[in-house]
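Residue-level structural notes
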Amino acid sequence: MFGIIQGGLYEDLRRWCAQEMTAMPFEGFAVGGLGIGEGEELLRSVSALTAALLPEERPRYLMGVGPPKDILGAVRAGFDLFDCVIPTRNGRNGTLFTSSGKLSIKRAEFAADPRPLDERCDCYTCGHFSRAYLRHLFMAGEILASQLNSLHNLYFYHRLMESCRAALHAGRVPLWDCEEVYAGG
Ligand SMILES: [Zn+2]
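These lines cover the structure that appears in this document, whether it is placed above or below. (Residues numbered from 1 in each chain as written. Predicted model: local features only at pLDDT ≥ 70, side-chain atom pairs only at ≥ 80, totals over all residues. Heavy atoms only, no water.)

Points about the overall build of the chain
What counts, and what does not: Helix and strand labels come from DSSP, where a helix needs a run of H or I of at least four residues and a strand needs a run of E of at least two; each type is numbered from the N terminus. Two residues qualify as a contact provided that any one of their heavy atoms is within 4.5 Å of a heavy atom in the partner residue. To measure how exposed things are, a 1.4 Å probe is used in the Shrake-Rupley method; for residues, cover is taken only from the protein chains shown. A residue counts as positive if it is Lys or Arg and as negative if it is Asp or Glu; His and the chain ends are not included. Every charge is mapped to an atom, namely NZ of Lys, CZ of Arg, CG of Asp or CD of Glu.
Helix and strand content of the chain: seven helices and six strands. In sequence order, the chain lays out its α and β elements as β-α-β-α-β-α-β-α-β-β-α-α-α. If you line up the chain on its principal axes, its C-alpha atoms span 60 × 35 × 30 Å. Of all intrachain contacts in the chain linking residues separated by at least 6 positions in sequence, the fraction that spans at least 24 positions is 58%. Looking at the chain as shown, the accessible area adds up to about 9900 Å², and 55% of this sits on carbon and sulfur atoms. Taking the average place of the 19 positive charges on the side chains of the chain and the average place of its 22 negative ones, the gap between the two points comes to 5 Å.

Topic: a nonpolar patch on the surface
Keep this limit in mind: Exposure above 30% relative accessible area and no salt bridge define the residues that can form patches, which grow by joining like charges within 9 Å and nonpolar side chains of Val, Leu, Ile, Met, Phe, Trp and Tyr within 5 Å. What makes a salt bridge here is a side-chain nitrogen of Lys or Arg within 4 Å of a carboxyl oxygen of Asp or Glu, nothing more.
A contiguous nonpolar surface patch, about 370 Å² in accessible area, is contributed by Tyr 10, Leu 13 and Trp 16. Position of Tyr 10 among the secondary structure elements: in the loop between β1 (2-5) and α1 (11-22).

Quick word on the side chain of Asn 149
What counts here: Each polar contact in these results corresponds to two N or O atoms within 3.5 Å; when the atoms are within protein, one needs to be able to donate a hydrogen and the other to accept it, and residues that are neighboring in sequence are counted only if both atoms are side-chain atoms.
Tracing the backbone through its elements, the reader meets Asn 149 in helix α7 (residues 143-169). Among the polar contacts listed, one links the side chain of Asn 149 to the backbone oxygen of Gly 91, at a separation of 3.3 Å. In contact with Asn 149, not counting residues within four places along its chain, are Gly 91, Gly 94, Leu 96, Ile 105, Leu 134 and Phe 138.

Brief notes about the nonpolar core
Rule in force here: In this description, a nonpolar core means a group of buried Ala, Val, Leu, Ile, Met, Phe, Trp, Tyr and Cys residues linked to one another through side-chain atoms lying within 4.5 Å. Note on exposure labels: buried denotes an accessible area under 20% of the residue type's maximum, exposed denotes more than 50%, and partly exposed covers the range between, all computed with a 1.4 Å probe on protein chains only.
Counting 30 residues, the largest nonpolar core has Ile 5, Leu 62, Ile 71 and Phe 82 as its most contacted members. Breaking this core down by element, the ones donating at least two residues are α1, β2 (28-31), α2 (40-52), α3 (68-77) and α7. Broken down by element, this core gets its largest block of residues, five residues, from α7. Sequence-distant contacts of Leu 62, that is, excluding residues within four places in its chain, are made with Val 31, Leu 34, Ser 47, Ala 74, Phe 79, Leu 81, Phe 82 and Asp 83. In terms of nonpolar packing, the next biggest core, distinct from the first, is built from 13 residues, Leu 96, Leu 103, Cys 123 and Leu 137 among them.

Listed below in structure tokens is the structure:
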């Protein structure tokens, strides 16, 4: 069972909550109340402050975060676990993460595009379907569009976490080859 560290954006309340909760035998700790519109700077500073108050040998979970760049920052701050609606919600809305940035499958330019969503992706969607077909499914309101787009976006997030884990296992700062592409969000 996880203990939840609350305290909003108040450093004293985060410290007090972490002190009380870490005195109890929880298996891990979740940090709540962030990633809800407080802005990038506060997200980064409050999450880093809170991560540092929690024991390294137990999992640290940043609830509800987030865009790839925020996850990368949080991994560097010491977080191990995340959850977020972004990969599947964006997938259902037709916004796809690719190694060269976000792509909106609705755009007319993809109507006859035979390429996969991302040439560098080896997910099931990219291995079997063209941008043109995915756009057709989306425009027709086919539920398969949501499924194939979500699968691709989840795979993209999976690869982000995979590269973080590989770097951590090698004793390096977590790296991601798309960091610059997604620096803006
Ligand atoms: Zn893919």
